[in-house]
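Structure at a glance
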Amino acid sequence: MKDVEMILLAGDLAGKATSLARVFRIIDEYNVVYIRGNHEEMAEDYFRRFGGDTHTEEAIRRIAGIPAVREIDAGGLHMLMAHGSPWNHKSEYIYPEYETFERFDDLGYDCVILGHTHVPMVIDTGKTLVINPGSVGEPVAQDPRPSYAVLDTDTRRAEIHRVHDHVETRRVRSVTPFRWGRSLIEETARAWGIEIKK
């Protein structure tokens, strides 16, 4: 597998029992390109109501600055990253059973990366590649293992990968993306033969 040159995160950085300060440190360390999900909106609302210390104020500042959608040009592909859908990033859910994937073709992107459902999928309409990597921290698909996607911009192909043997299956659902920390991220990448460039 080729080296990973960019890490994208389609929202929901904030999770149950996740230290957002730690999340942002890891995001900054790995230069993760990310967008805002509905979990960030809930976290911001919670912090505004019950916060008040300097850590909370910093979290609110960082969350408020996260874009809801992002255009990305990489490897010759023009991509859009949106949490829910390109039409409603807050509350529309796009599952693999979505009946009108051809709507994505009208947007003018080679690839659209989504989040929100936490259900992994790769759909190729022939014109647009629609990817949802699932979730490393809160998987909700039938397969309870954390998942992520790897996009090869040269071949314009994406594959869903599952994390194996790093966390007992019973505990997988309680792991949030960045509670893993740097060592588990690197261990997972090594297990899949991926080199993460800083």
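Let me begin by describing the structure that accompanies this report. (Residues numbered from 1 in each chain as written. Predicted model: local features only at pLDDT ≥ 70, side-chain atom pairs only at ≥ 80, totals over all residues. Heavy atoms only, no water.)

Before going further, it helps to spend a moment on the environment of Asp-28. Tracing the sequence through the fold places Asp-28 in helix α1 (residues 20–29). One polar contact links Asp-28 to Arg-62, side chain to side chain, over a distance of 3.0 Å. (Helix = DSSP H or I, 4+ residues; strand = E, 2+ residues; numbered from the N terminus. Polar contact = N/O pair within 3.5 Å; in protein donor to acceptor, adjacent residues only side chain to side chain.)

To continue, consider the sheet that holds strand β7 (residues 129–132). With mixed pairing, the five strands of this open sheet are ordered in space as β3-β4-β5-β7-β6. Strands with a single pairing partner mark the edges of an open sheet, and in this sheet they are β3 (69–74) and β6 (121–124). Mean inter-strand twist for the sheet, computed between neighbouring axes without regard to direction, equals 15°. (Pairing = 2+ DSSP bridges. Axes fitted to C-alpha atoms, helices over the stretch in contact; angles between N-to-C directions.)

Turning to unusual backbone geometry, a few remarks are in order. For Asn-31, which is not a glycine, the phi torsion comes out positive at approximately 50°. Mapped onto the secondary structure, Asn-31 falls in the loop between α1 and β2 (33–34). Here the phi dihedral of Arg-156 falls at roughly 60°; this positive angle occurs in a residue that is not glycine. When you line up the elements, Arg-156 lands in the loop between β8 (147–152) and β9 (157–162). When its relative accessible area of 22% is taken as the criterion, Arg-156 is described as partly exposed. (Buried < 20%, exposed > 50% of the residue type's maximum accessible area, 1.4 Å probe, protein only.)

The values are spatial; any link to function lies outside them.
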